[in-house]
Amino acid sequence: MNSVRIQPHVLSQKVIANVNPELARIYKIPEDHQSIGFFSCDNDDVAYLAADDATKKANIKVIHAETFYGGQLCSWSKYGGSVFVLISGPKVTDVKSGLAYINDFVANRSALYNFDGDDGTAYYAQCIPKVGKYYQELYNIPEGMAYTYLVGGPIETNYALDKALKSSDTKIANYWYPPSHANSSGAILYGTESACQAATRAFVDALASAIKNPMNI
């Protein structure tokens, strides 16, 4: 089975240079951050990794990121996509820089895939060599550690996750039980870069086997 690339897209983005104190209070924006930015993406998984990546390069903090129920197909707006992400920074230039890194990650350094062009077999498997500040704080992944983000259909994903863990010296930083907001299942594994790469390869291979033979036990 051949993996076919599916390109994700940022659908909408906005910046508020001086956020209103009431909005800042609701979102618990840090007191020294006066600017915020929002973006939506047609894939939530890619958006989360893009936000984490941006925290390594820009002076920003990820304040809120959440998947919409049902994903893009159930969005209230053609610009809503699958996820809402809010970032903040001390200055508007920090927030704009963060959004620029997010756009670059989504457009040039990440992608979903399916097998043989079948939309019903979509998956996301990406190894990140170094964790950003967002995932360090959210999932207690040690600074400097690598991680791999693995997600797909619930049955095949759980089968493939077992193979990924057995093939590598990795641990689970986060796991989402099926059905998730977007009716998927997945996990974030962390360890050395080589271990995470091994886990990613094993996951995709096992996923392909499970999808090719859905009734074999």
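Every value quoted in this text rests on a predicted model; they were computed, and no experiment measured them.

What counts as what
Residues numbered from 1 in each chain as written. Predicted model: local features only at pLDDT ≥ 70, side-chain atom pairs only at ≥ 80, totals over all residues. Heavy atoms only, no water. Helix = DSSP H or I, 4+ residues; strand = E, 2+ residues; numbered from the N terminus. Rg over C-alpha atoms; globule rule 2.2 N^0.38 Å. Buried < 20%, exposed > 50% of the residue type's maximum accessible area, 1.4 Å probe, protein only. Areas by Shrake-Rupley, 256 points an atom, 1.4 Å probe, with all protein chains shown as cover. Lys, Arg positive; Asp, Glu negative; His and termini not counted. Charge placed at Lys NZ, Arg CZ, Asp CG, Glu CD. Phe/Tyr/Trp six-rings, centres within 6.5 Å; stacked < 30°, edge-to-face > 60°. Pairing = 2+ DSSP bridges. Axes fitted to C-alpha atoms, helices over the stretch in contact; angles between N-to-C directions. Contact = heavy atoms within 4.5 Å. Parallel < 35°, antiparallel > 145°, perpendicular 65-115°, else oblique. Left-handed = near helix turned anticlockwise from the far one by under 90°. Nonpolar A, V, L, I, M, F, W, Y, C, P; charged D, E, K, R; others polar. Disulfide = S-S within 2.5 Å.

Engineer: Got a minute to help me understand the overall build of the protein chain in this structure?
Structural biologist: Scanning the protein chain for helices and strands turns up 6 helices and 10 strands. Over its C-alpha trace the protein chain gives a radius of gyration of 18 Å, about what one expects of a compact globule, namely 17 Å for 217 residues. Here the C-alpha coordinates of the protein chain stretch approximately 60 × 35 × 30 Å along the principal axes. When burial is assessed residue by residue, the protein chain has 48% of its 217 residues classed as buried. Carbon and sulfur atoms make up 52% of the accessible area of the protein chain, which totals about 11,100 Å². A gap of 4 Å separates the mean positions of the 18 positive and 21 negative side-chain charges of the protein chain.

Engineer: Quick question: what am I supposed to make of the packing of aromatic side chains here?
Structural biologist: One pair of aromatic rings is described through two measures. These are the centre distance and the angle between the planes. Under the counting rule described, the total for this entry stands at 9 aromatic pairs. Taken together, a centroid distance of 4.8 Å and an interplanar angle of 85° make the contact between Tyr175 and Tyr177 edge-to-face. Relative accessible area serves as the criterion here: at 24%, Tyr175 is assigned to the partly exposed category. Residue classification places Tyr177 among the exposed residues on the basis of a relative accessible area of 63%. One aromatic cluster is present, built from ring pairs that chain together Tyr134, Tyr135, Tyr139 and Tyr147.

Engineer: What is the right way to read the sheet that holds strand β9 (residues 171–176) from this model?
Structural biologist: Strand pairing in a sheet takes place through backbone hydrogen bonds and is either antiparallel or parallel in direction. Across the sheet, 6 strands lie side by side as β1-β6-β7-β8-β10-β9; this open sheet has antiparallel pairing. For this open sheet the edge positions go to β1 (3–6) and β9, each flanked by a neighbour on one side alone. Between one strand axis and the next, the sheet turns through 25° on average, direction left out of account. Across the sheet, helix α5 (residues 154–166) is in contact with β8 (146–152), β9 and β10 (185–191); its angle to β10 comes to roughly 15°. This element, helix α6 (residues 193–212), spans β1, β6 (112–115), β7 (118–128), β8 and β10 of the sheet and lies at about 170° to β7.

Engineer: Help me understand the packing of helix α2 (residues 44–54) against helix α3 (residues 92–108), please; the structure alone is not making it clear to me.
Structural biologist: When two helices pack together, their arrangement is captured by the angle between the axes and the distance separating the axes. Their axes nearest at 8 Å, the elements α2 and α3 cross at an angle of 135°. Taken together, the axes of α2 and α3 lie oblique to each other. Both α2 and α3 take part in a crossing whose hand is right-handed. Residues Val46, Leu49, Ala50, Ala51, Asp53 and Ala54 of α2 lie in contact with α3, whose contacting residues are Gly98, Tyr101, Ile102, Phe105 and Val106. Partitioning the contact of α2 with α3 into residue classes produces 9 nonpolar, 1 polar and 1 charged.

Engineer: What is the right way to look at the state of the cysteines in this model?
Structural biologist: Cysteine pairs can be covalently joined through their sulfur atoms, and such a bond is termed a disulfide. Using the criterion set out here, one finds 0 disulfides in the structure. As a non-bridged cysteine, Cys196 has Cys127 as the owner of its nearest cysteine sulfur, 5.1 Å distant.

Engineer: What should I look at first to understand the sheet that holds strand β4 (residues 61–67) in this one?
Structural biologist: On the basis of which strands lie adjacent, the open sheet formed by 4 strands has the order β2-β3-β5-β4 and antiparallel pairing. Whereas interior strands pair on both sides, the edge strands pair on one side only; in this sheet they are β2 (10–16) and β4. Geometrically, the sheet is characterised by an average inter-axis angle of 15° between neighbouring strands, direction not taken into account. For β2 and strand β3 (residues 35–41), the ladder comprises 6 bridges, and the chain directions are antiparallel. Bridge pairing in β3 links Val10 to Cys41. Strands β2, β3 and β5 (83–89) of the sheet are contacted by α3, whose axis makes an angle of about 175° with β2.

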